[in-house]
Amino acid sequence: MTPALRRPAALARPSRWTLRAQLLAGVLVLFTLVMLATSALTVVETRRYLDGQLSQDLQSALFRAGDRRGVFDDDNDGRGFGDGQPPGAPGSDRTLVLGLTASGAVATDPRGYPLNQVVTRSNTDGTLSADEIRRLASAVEGGEPVRISLGNDLGDYLVTSRSIGDGGTFVVGVSTRPVDELLGKLLALVVGGTVVGLVLVGVGGAVVVRRSLAPLDRVAATARRVSTLQLDSGDVSLAVRVPERDADPRTEVGQVGLALNTMLDDVEQALQSRQESEMRVRRFVADASHELRTPLASIRGYAELTRREREPVPETVTHALGRVESEALRMQELVEDLLLLARLDSGRPLEREPVDLSLLAVNAVSDAHAASPDHSWELDLPEEPVEVTGDGARLHQILANLLANARTHTPSGTRVVTRLRPEADMVRISVSDNGPGIPRDLQPTVFERFVRGDDSRSRAQGSTGLGLSIVAAVGQAHGGRVEVTSEPGATTFSVLLPAS
């Protein structure tokens with residue numbers, strides 16, 4: 001997915017939100033649902049109550065207006081008309097009065113006033129037009145109260161009707177404006193209260209959630225600090241622990257902190273056991289290597305002394321003594337390599353002095369050419385000498401082992417190139433050959449101890465499998481690293497060291 005089409009973090013699926021965001025969103029959603037349900041119930045019940053009041057006002061207005069205008073007077077003598085003023089209905093700011101004869105014409109009251117008016121409590125507000133009269137007459141045919149709009153000038157009314165003696169109809173309506181205005185104010189109050197409540201709950205919820213999750217943040221910080229420790233080798237001390245206040249088993253976060261502390265205790269004990277086991281093995285290897293040096297030297301010495309004997313020695317004995325001396329020499333080299341690795345593993349400090357790598361490379365390539373003139377040895381050095389700070393003998397051993405590896409595992413005629421190149425604050429030592437290459441499954445472990453490539457690369461003589469592991473150990477002891485790339489016809493071993 002291109003960056004332009006990547007989904008923003010805010011639009012990610014809720015399952016990918018942080019716990020803080022999920023809790024806050026849950027609180028806001030729950031608050032919104034409760035407010036909507038409460039507000040809807042309040043508005044519905046208020047409207048139902050107001051509609052009931054409006055219906056009562058309508059019935060009161062129907063009988064009061066009819067009695068005062070004499071339309072329900074059986075004697076038709078005008079009793080109850082009073083002062084002739086057309087009053088409004090109780091609880092309403094406007095009352096609609098309409099009287100229709102059996103023929104559909106506008107009726108009049110006993111005093112001659114037309115019954116097609118909208119009146120207030122104190123005076124007449126206006127008369128109805130013919131179109132409004134037709135709409136009213138058709139709306140109230142069923143006799144049930146109905147809502148009807150008479151336009152922007154007159155507004156909405158709840159109207160009902162009653163038959164009069166001559167077959168006509170008397171219609172009365174009360175304005176719904178007070179109810180509508182009250183409901184509008186109530187709705188605005190509910191919406192405003194919900195918005196304000198959301199803001200307050202959001203801010204307050206964020207503060208509460210942040211404070212509630214602070215212990216979990218401290219536990220996570222402890223876990224991150226542990227994850228940055230180097231636990232793969234050396235003497236490891238896990239002094240980092242979750243604070244006691246965040247390891248209270250009575251709380252959920254405290255249970256997590258306590259479990260993490262318990263796990264760290266177990267890991268520390270396991271690492272200490274591993275370190276003690278490694279130290280015992282290293283001491284054994286170092287002591288055994290040191291003790292083997294003397295008898296091996298004695299074996300070689302006696303073998304050489306026997307060959308100097310003046311008396312004739314049988315040829316088979318001479319051959320046997322030669323093999324004894326050869327194997328003793330090979331074993332001595334193995335012991336020296338093991339002793340060096342044990343010293344490097346124990347962290348014994350190396351010498352620190354300026355070393356001319358260019359000169360070391362010249363000498364190492366010269367020695368390799370003398371050891372195997374059948375190979376093509378080449379040297380690629382920069383114009384200026386390359387210097388690093390380190391142990392000159394050990395750095396020479398890096399070059400010697402890499403060249404010996406190329407000589408041992410490639411056939412005669414192979415081209416081997418030794419290069420030195422400064423790279424930023426590092427120096428790269430590389431030895432490349434065009435031999436058969438290293439199998440891909442062997443490359444990840446080629447720098448491990450006692451790993452041999454005998455099955456895949458030609459070999460003219462034996463190999464202990466420690467040469468490249470010494471290269472890696474010496475390089476790491478100098479603060480560097482090793483690399484390898486290989487394919488048929490192109491194999492390169494590299495050691496990167498910090499420049500002076």
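I will try to describe carefully the structure that is included in this document. These numbers come from a predicted model, not from an experiment.

### Here we look at the pairing of strand S2 (residues 116–119)
Burial of S2 is two-sided: the residues Asn-116 and Val-118 facing one way and the residues Gln-117 and Val-119 facing the other way are all buried. Bridge analysis of strand S1 (residues 95–100) against S2 gives 4 bridges, and the strand direction is antiparallel. The residue bridging Leu-96 from the neighbouring strand is Val-118, located in S2.

### Digging into the nonpolar core
Membership of the largest hydrophobic core comes to 40 residues, with the highest contact counts inside it found for Leu-357, Leu-395, Leu-402, Leu-403 and Phe-493. At the level of elements, helix H5 (315–345), helix H6 (357–371), helix H7 (392–408), strand S10 (415–423), strand S11 (426–433), helix H8 (467–477) and strand S13 (490–498) are the ones that each hand at least two residues to this core. The contacts of Leu-403, once residues within four sequence positions are left out, are Ala-364, Val-365, Ala-368, Trp-377, Val-416, Thr-418 and Val-431. With 16 residues, the next largest nonpolar core counts Leu-50, Ala-61, Leu-115 and Leu-158 among its residues.

### What about the packing of aromatic side chains?
One pass over the full model with this rule turns up 1 aromatic pair. Consider the rings of Phe-447 and Phe-493, whose centres lie 6.0 Å apart with planes at 85°: the pair is edge-to-face. In this pair, Phe-447 sits in the loop between S11 and H8 while Phe-493 sits in strand S13, placing the two residues 46 residues apart along the sequence.

### Side note on the pairing of S1
Strand residues, when the strand is regular, have side chains that alternate between the two faces of the sheet. A large share of S1 lies buried, amounting to 6 of its 6 residues. Neither face of S1 is open: one carries Thr-95, Val-97 and Gly-99, the other Leu-96, Leu-98 and Leu-100, and all of them are buried. Bridge count for S1 against strand S6 (residues 169–175) is 6 bridges, and the pairing is antiparallel. In the sheet register, Leu-96 faces S6, and the bridge partner there is Gly-173.

### Comments concerning a nonpolar patch on the surface
Residues Leu-187, Val-191, Val-195, Val-199, Val-203 and Val-207 make up a contiguous nonpolar surface patch of about 510 Å² in total accessible area. With respect to the element layout, Val-203 can be found in helix H3 (residues 177–227). According to the relative accessible area criterion, Val-203 is exposed, its value standing at 53%.

Cut-offs and rules
- Residues numbered from 1 in each chain as written.
- Predicted model: local features only at pLDDT ≥ 70, side-chain atom pairs only at ≥ 80, totals over all residues.
- Heavy atoms only, no water.
- Buried < 20%, exposed > 50% of the residue type's maximum accessible area, 1.4 Å probe, protein only.
- Helix = DSSP H or I, 4+ residues; strand = E, 2+ residues; numbered from the N terminus.
- Pairing = 2+ DSSP bridges.
- Core = buried A, V, L, I, M, F, W, Y, C linked by side-chain atoms within 4.5 Å.
- Contact = heavy atoms within 4.5 Å.
- Phe/Tyr/Trp six-rings, centres within 6.5 Å; stacked < 30°, edge-to-face > 60°.
- Patch = residues over 30% accessible without salt bridge, like charges linked within 9 Å, V, L, I, M, F, W, Y side chains within 5 Å.
- Areas by Shrake-Rupley, 256 points an atom, 1.4 Å probe, with all protein chains shown as cover.
- Salt bridge = Lys/Arg side-chain N within 4 Å of Asp/Glu carboxyl O.

Keep in mind these values describe shape, not function.
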